[in-house]
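Examining the three-dimensional arrangement
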Amino acid sequence: MRIIVVGPGRAGRSVAGAANSSGHVITAVVGKSRDHAAPAAASLGGAAALGMADDLPPADLLIVATRDDAIAVVAAELAPRLGGAVGSAVHLSGLKSVSELAPLAAAGCRIGSFHPLQTLPSPEAGAARLSGSWVAVTAEEPLRRTLHELARSLGAHPFDLADGAKALYHAGAAAAANFPLLSLTMASDLFAAAGVPFVAARPLVEAVVANAFEMGPRPALTGPVARGDVGTVAAQLDAVAIAAPQWVAPFAATVLHLAGVAGRGDDFRLLLERWRPPQGEEGGA
Ligand SMILES: NC(=O)c1ccc[n+]([C@@H]2O[C@H](COP(=O)([O-])OP(=O)(O)OC[C@H]3O[C@@H](n4cnc5c(N)ncnc54)[C@H](OP(=O)(O)O)[C@@H]3O)[C@@H](O)[C@H]2O)c1
């Protein structure tokens, strides 16, 4: 495909780099100005560096890769510059509706979204990580099929996502990608207080993640909460309260929710009453 990328940031350059390596042609990179676009264009084998005021060359797909809040503004700005020669347009947001691109639809494009379910921290790491990742496709036929093929050409696994389900899906992605880092920060601080290197937890954490995907997250739960070992958890909470009191409330709250997941809510109710923060002091560590 001939592809134009608007917004030469982390995600735009990652997708463009992977597409370029997979045999697609990046015809232009569009930035706030030509200067903004030039470094990315130079790394993408002959792509033109364009600013927002420039007319766009013909393309099969326009990828709007700006931050979420700029998508609608950019779509409105670009619509008069399509020249009727851009077949389809997508944005890369997992949250925003496809309708953010309505001005491009009015200008004759098929519209959709293409959300890599992956962290793309830099163009190089992002391009490499797309292979093997899953990509949420929100589009109607025939663009849907085209985007599935694009994902597969990058070595990624496409799946369909309804436009109305995007906020929920994005919340799930945040729970998967961001929330474990709260637990790992807690673990790191408690290990440090106990004189244990955090790296010692790595094989354990990796095994837990593997179990969650092999068995499902609920059956993968082991440990004192799953067993109903209330005395063990009481001893843990006492130790945390002395060595790292800033973590007591998050620790107790996590036990409360885990006990619910494990069907052990009744076993832990009395213990957790003791550790409930006074009203108005529920803040984290
Ligand atoms: N990075 C990820 O891990 C990731 C993963 C999946 C999906 N996404 C999605 O990808 C999209 C971009 O995210 P990102 O992380 O790549 O953000 P980013 O690194 O901040 O890149 C955004 C790019 O858009 C440009 N831009 C912003 N406003 C613009 C405007 N009005 N006109 C033209 N260009 C504009 C920025 O230019 P300046 O630098 O000059 O401001 C920058 O080059 C978002 O929709 C995000 O949800 C990101």
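Rules behind the numbers
- Residues numbered from 1 in each chain as written.
- Predicted model: local features only at pLDDT ≥ 70, side-chain atom pairs only at ≥ 80, totals over all residues.
- Helix = DSSP H or I, 4+ residues; strand = E, 2+ residues; numbered from the N terminus.
- Rg over C-alpha atoms; globule rule 2.2 N^0.38 Å.
- Buried ≥ 20, exposed ≤ 12 C-beta atoms within 10 Å, placed from the backbone.
- Pairing = 2+ DSSP bridges.
- Axes fitted to C-alpha atoms, helices over the stretch in contact; angles between N-to-C directions.
- Contact = placed C-beta atoms within 7 Å.
- Parallel < 35°, antiparallel > 145°, perpendicular 65-115°, else oblique.
- Left-handed = near helix turned anticlockwise from the far one by under 90°.
- Nonpolar A, V, L, I, M, F, W, Y, C, P; charged D, E, K, R; others polar.
- Domains from an automatic or database assignment.
- Expected span 1.5 Å × (residues − 1).

Secondary structure assignment for the protein chain yields 13 helices and 8 strands. For 285 residues, the compact-globule formula gives about 19 Å, and the C-alpha radius of gyration of the protein chain, at 24 Å, lies well above that figure. Structurally, the protein chain occupies a C-alpha span of about 70 × 40 × 35 Å along its principal axes. By residue count, 33% of the 285 residues in the protein chain fall in the buried class.

Read across the open sheet, the 8 strands follow the order S3-S2-S1-S4-S5-S6-S7-S8; overall the sheet is mixed. Looking along the sheet, the strands with just one partner apiece sit at the ends: strand S3 (48–50) and strand S8 (157–160). Shown here is a sheet whose adjacent strand axes are inclined to one another by a mean of 25°, direction ignored. As paired elements, strand S6 (residues 110–116) and strand S7 (residues 134–138) share 4 bridges and run antiparallel to each other. Following the sheet pairing, Phe-114 is matched in S7 by Val-137. Contacts from helix H6 (residues 143–153) reach strand S5 (86–91), S6, S7 and S8 within the one sheet, and its direction differs from that of S7 by about 165°.

So, about unusual backbone geometry. The amide bond that connects Glu-141 to the next residue, Pro-142, takes the cis arrangement and shows omega of 5°. Relative to the assigned elements, Pro-142 resides in the loop between S7 and H6.

Position of Ala-241 relative to the elements: it lies in helix H11 (residues 230–243). In this structure the C-alpha to C-alpha distance between Ala-241 and Arg-34, which are 207 residues apart in sequence, comes to 56 Å.

So, about the packing of H11 against helix H12 (residues 248–261). Interhelical geometry of H11 versus H12 gives an angle of 160° and a closest axis separation of 9 Å. Here H11 lies roughly antiparallel to H12, going by the angle between them. Considering the relative orientation of H11 and H12, their crossing is right-handed. Residue-level inspection shows Val-233, Leu-237, Val-240 and Ala-241 of H11 in contact with H12, the latter providing Val-248, Phe-251, Ala-252 and Val-255.

To continue, consider the environment of Ala-151. Among the structural elements, Ala-151 can be located in helix H6. For Ala-151, a count of 21 C-beta atoms within 10 Å translates into the label buried. Along the primary structure Ala-151 and Ala-48 are separated by 103 residues, whereas in three dimensions their C-alpha atoms are 24 Å apart. Residues within four places of Ala-151 in sequence aside, it is in contact with Val-135, Val-137, Ala-156 and Pro-158.

As a further point, take the packing of helix H1 (residues 10–21) against helix H5 (residues 123–130). At their nearest, the axes of H1 and H5 sit 8 Å apart, and the two run at 55° to each other. Between H1 and H5, the crossing angle belongs to the class labelled oblique. When you trace H1 past H5, the crossing you get is right-handed. On H5, the residues touching Arg-10, Ala-11, Arg-13, Ser-14, Val-15, Gly-17, Ala-18 and Ser-21 of H1 are Pro-123, Gly-126, Ala-127 and Leu-130. Looking at the contact of H1 with H5 residue by residue, the class counts come to 6 nonpolar, 4 polar and 2 charged.

What follows covers the domain arrangement of the protein chain. When the domains of the protein chain are assigned, the result is domain 1 (2–165) and domain 2 (178–275). Distance from the C-alpha centre of domain 1 to the C-alpha centre of domain 2: 41 Å.

Attention now goes to helix H9 (residues 202–215). Here H9 is 14 residues long and its end C-alpha atoms lie 20 Å apart, about the 20 Å a rise of 1.5 Å per residue gives. Within H9, only 0 of the 14 residues are buried, leaving the element largely exposed. Gly-216, located one to two residues past H9, shows a positive phi value of around 95°.

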